[in-house]
Amino acid sequence: MRYQYGYCPARAKSAPRIALLAALICVVLLIGCAVGPNYRTPEMALPDGWTTADDPALLPRSELVQQWWTLFKDPLLDDLIRHAKENNRDLLAAVARVEEARALLGFSKGAYLPQLEAEGAVTRQETSDNGLSPGVDETLYNAGIGAGWEIDLFGRIRRSVEAAAADYQASEEDRTDVMISLYSNVALAYLDIRTFQARLISAQANIDSQQSVLELTRSRFRHGL
């Protein structure tokens, strides 16, 4: 068998395989490349413990951590905090931000999947009776379907999911901060009211006691004592 111009059938057959192997290697290398650096938790210098020892008497039970105000066993305080939870605008806005962040996280994760788009339109028109083609009615229909799938070679989708997850966690912490501030303010205001009521009762009792002493003193004076 003679070969012309250096043509080799074995090499010709192996060339597509080599090209396919090279393409696969490139894809694997590209998958390992992500947009931007990996997130690292900032290192913060924190003490190993509090400067003072914890008093066991001041530590709440685990079941009271989330609803600490029930420790007072005051139905009115429970009702006030429930009312604040249901009607406070700041808390409602924080809850809405959590729902928004959760939805955006789901939307970001959906980018991993194939995307389908569909659209349709109906147009109806009628020519004027005074035109060249009077009284002509036309109804036009238009429909289209599209599909696409982005392979996350460079990690764009992965980074967007990580960012959305971080925003979701931040919104939950923000909601927790708002709840802690709201419940503590309601409880403190309620305790102030109860304190003032107790002081008012004590002051009124003191007035009654002094009034009795005054009446007794007047009686002794009238009797020459």
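This text gives an overview of the structure that appears in the document.

Procedures and definitions
Residues numbered from 1 in each chain as written. Predicted model: local features only at pLDDT ≥ 70, side-chain atom pairs only at ≥ 80, totals over all residues. Heavy atoms only, no water. Helix = DSSP H or I, 4+ residues; strand = E, 2+ residues; numbered from the N terminus. Buried < 20%, exposed > 50% of the residue type's maximum accessible area, 1.4 Å probe, protein only. Contact = heavy atoms within 4.5 Å. Areas by Shrake-Rupley, 256 points an atom, 1.4 Å probe, with all protein chains shown as cover. Core = buried A, V, L, I, M, F, W, Y, C linked by side-chain atoms within 4.5 Å. Lys, Arg positive; Asp, Glu negative; His and termini not counted. Salt bridge = Lys/Arg side-chain N within 4 Å of Asp/Glu carboxyl O. Axes fitted to C-alpha atoms, helices over the stretch in contact; angles between N-to-C directions. Left-handed = near helix turned anticlockwise from the far one by under 90°. Nonpolar A, V, L, I, M, F, W, Y, C, P; charged D, E, K, R; others polar.

**What about the overall build of the chain?**
At step 1: In terms of regular secondary structure, the chain is built from four helices and two strands.
At step 2: When its helices and strands are written in sequence order, the chain yields α-α-α-β-β-α.
At step 3: Scored against the burial criterion, the 225 residues of the chain give a buried share of 12%.
At step 4: In the chain, of all internal contacts separated by at least 6 residues, the share reaching a separation of at least 24 is 69%.
At step 5: Here the chain displays about 19300 Å² of accessible surface, and carbon together with sulfur accounts for 60% of that area.

**A short note on the nonpolar core**
At step 1: Judged by nonpolar contacts, Trp 69, Leu 77, Ile 81, Ala 84, Leu 91, Ala 94, Val 178, Leu 182, Tyr 183, Val 186, Ala 187 and Tyr 190 together constitute the single largest core of twelve residues.
At step 2: Of all the elements in the fold, those that place two or more residues in this core are α2 (75-87), α3 (89-109) and α4 (156-222).
At step 3: When residues in this core are grouped by element, the largest group, six residues, is from α4.
At step 4: In terms of nonpolar packing, the next biggest core, distinct from the first, is built from seven residues, Val 98, Leu 105, Val 161 and Tyr 168 among them.

**What to know about the side chain of Asp 74**
At step 1: Within the element layout of this structure, Asp 74 appears in the loop between α1 (9-31) and α2.
At step 2: For the buried Asp 74, no salt bridge exists, and the shortest N-O distance to an oppositely charged side chain is 4.1 Å, to Arg 194.
At step 3: Setting aside residues no more than four positions away along its own chain, Asp 74 makes contact with Tyr 190 and Arg 194.

**Digging into unusual backbone geometry**
With glycine set apart, most residues show a phi of negative sign, and most peptide bonds adopt trans.
At step 1: Of note, Lys 73 is a non-glycine position whose phi angle comes to about 55 degrees, a positive value.
At step 2: Take Lys 73: it is sitting in the loop between α1 and α2.
At step 3: With a relative accessible area of 72%, Lys 73 lands in the exposed category.

**Observations regarding the packing of α2 against α4**
At step 1: Orientation of α2 relative to α4, taken along the N-to-C sense of each, is 145 degrees, at an axis distance of 10 Å. Our pair here, α2 against α4, has a crossing hand that is right-handed. Two secondary-structure elements touch here, α2 through Leu 76, Leu 77, Leu 80, Ile 81, Ala 84 and Lys 85 and α4 through Leu 182, Tyr 183, Val 186, Ala 187, Tyr 190 and Arg 194.
At step 2: Class assignment for the residues of the contact of α2 with α4 results in ten nonpolar, no polar and two charged.

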